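Here is what each chain is made of, one letter per residue.
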Amino acid sequence: MTDNNFGFDTLAIRSGHRRTAELEHSEAIFTTSSFVFENAAQAAARFAGDEPGNIYSRFTNPTTQAFEARLAAMEGGQSCVATASGMAAIMSLCLAVLQAGDHIVSSRSVFGTTTTLFGKYLPRLGIETSFVNLVDLEEWKRAIRGNTRFLFLETPSNPLMEIADISALADLAHENNCLLVIDNCFCTPALQRPLELGADLIVHSATKYLDGQGRIVGGAVIGPDPLISEDIFAVIRTTGPSMSPFNAWVALKGLETLALRMDAHSQRALQLARMLQQHPAVERVYHPGLESHPQHELAKSQQAGFGGVVSFVVNGGRENAWRVIDATEMVSITANLGDVKTTITHPATTTHGRVSDEVKASTGIGEGLIRVAVGLENIDDIVNDIFRGLDA
Ligand SMILES: *Cc1c(COP(=O)(O)O)cnc(C)c1O
């Protein structure tokens, strides 16, 4: 199925599947490490790249290719390469487009491990990163140098749900001969398609909403060819962080319900955010669906929904924040997100625990802050569980 005129919901269910001679209705899992050839000449032609086809599952696998084709169609990108994790997607992108002497500009509010990759490991390869305020376009402008290769960001950001203007940053990137890379983890293509807004490349952690049920670790890079099909594919095939066929199958089936789930996550998150806003023990609520959110209009213009994450500040700092978290009986105390199960976490002592107090203060990750990734349980049960500690 390659008909890109289909609607999003149809692409999510029908695209990418190449039915085999068995005429299976649901997509098959090809759990095989290698593939056989008709004869020696065919093997030679495959290895020489003269004939398309499978050789070995570190390079290509039909189940993984089905996931790649489907996700590419959903993001509106030409191609996709799946990876073993979200971090493998970001690393592969770096290895494919950067070399010693290059420079990146990254939002300061990116996933903690991304900060470590850019700040600790890339400098060893002679690659420097400048970190900037996600929502300050002037700061992005000032940070760009002659050797800057790409701008990198997540929007909405984690955990404060700040929104970057993707079109404005795409223009800025292109005026400076840079690529704009978006980590589209929080919205997924169901709510936001950055390529349509001018971004060049998308990275994903399939571990989150793409799977959606907390079962696998995976990732993907989406964008134009030959950058994806040759450069990034070659890095993954050489360095090894390919996605396993089983994980690809789980994520592939996850995509089929992505739009429905993102819609339901968004609805519940907004309901929770509105209720938290009314609570006397809550000082502040961060969710782009609230009219009080500073980039509410921007979020409305570039997203089809506001996403499933809500962060809020309780009065009384760490002690009260921990009290609220520990009073929950149903929601899971875990840093993961993008699951049908609601999760709750204290960023200042977990995901952002190793960030210096100064950076925490400047990025707004205070001791009273709690992040909830709203799942798909009954909203009354979610609200009651989180309000247990707030009411006490
Ligand atoms: C989880 C996450 C990653 C890393 O993905 P893994 O699959 O854990 O490697 C990258 N970016 C964002 C925004 C994430 O939430």
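Here goes a summary of the coordinates provided. These numbers were taken from a predicted model, which means no experiment stands behind them.

Glancing now at the site of the ligand. What surrounds the ligand is the set Ser85, Gly86, Met87, Phe111, Glu154, Asp183, Cys185, Ser205, Thr207, Lys208 and Gly218. With respect to the ligand, the side chain of Ser205 contributes an N or O atom lying 2.8 Å from an oxygen atom. Note that an oxygen atom of the ligand is positioned 2.6 Å from one of the side-chain N or O atoms of Lys208. Relative to its unbound accessible area of 380 Å², the ligand is 91% covered by the protein chains. Comparing atom positions with the cavity grids shows the ligand to sit within the largest pocket. Tallied by class, residues from the shell around the ligand come to 3 nonpolar, 5 polar and 3 charged.

Moving on, we come to the environment of Cys178. Inspection of the secondary structure assignment puts Cys178 in the loop between helix 7 (166-175) and strand 5 (179-183). Sequence separation between Cys178 and Gly119 is 59 residues; the distance between their C-alpha atoms is 20 Å. The residues touching Cys178, leaving out its near neighbours within four places in the chain, are Ile144, Thr148, Arg149, Phe150, Ala173 and Asp200.

In contact at an axis separation of 7 Å, helix 13 (residues 317-327) and helix 15 (residues 379-391) are set at 140° when each is read in the N-to-C sense. If you check the angle between helix 13 and helix 15, you find them oblique. Considering how the two elements wind past one another, helix 13 and helix 15 form a crossing that is right-handed. Along its contact with helix 13, which presents Arg323, Val324 and Ala327, the element helix 15 presents Ile386, Arg388, Gly389 and Leu390. Along the lines of polarity and charge, the residues of the contact of helix 13 with helix 15 split into 4 nonpolar, 1 polar and 2 charged.

With that settled, consider helix 13. Listed as buried for helix 13 are Ala321, Val324 and Ile325. The arc that holds every buried residue of helix 13, seen down its axis, measures 95°, which confines them to one face. The exposed residues of helix 13 that point more than 90 degrees off its buried face are Glu319 and Asp326.

Criteria and thresholds
Residues numbered from 1 in each chain as written. Predicted model: local features only at pLDDT ≥ 70, side-chain atom pairs only at ≥ 80, totals over all residues. Heavy atoms only, no water. Near = heavy atom within 4 Å. Polar contact = N/O pair within 3.5 Å; in protein donor to acceptor, adjacent residues only side chain to side chain. Areas by Shrake-Rupley, 256 points an atom, 1.4 Å probe, with all protein chains shown as cover. 1 Å grid on protein atoms, 1.4 Å probe; cavity = no way out; pocket = protein on both sides within 12 Å on 5 of 7 lines; lining within 4 Å. Sits in = over half its atoms within 2 Å of the grid points. Nonpolar A, V, L, I, M, F, W, Y, C, P; charged D, E, K, R; others polar. Helix = DSSP H or I, 4+ residues; strand = E, 2+ residues; numbered from the N terminus. Contact = heavy atoms within 4.5 Å. Axes fitted to C-alpha atoms, helices over the stretch in contact; angles between N-to-C directions. Parallel < 35°, antiparallel > 145°, perpendicular 65-115°, else oblique. Left-handed = near helix turned anticlockwise from the far one by under 90°. Buried < 20%, exposed > 50% of the residue type's maximum accessible area, 1.4 Å probe, protein only. Arc of directions from axis to C-beta.

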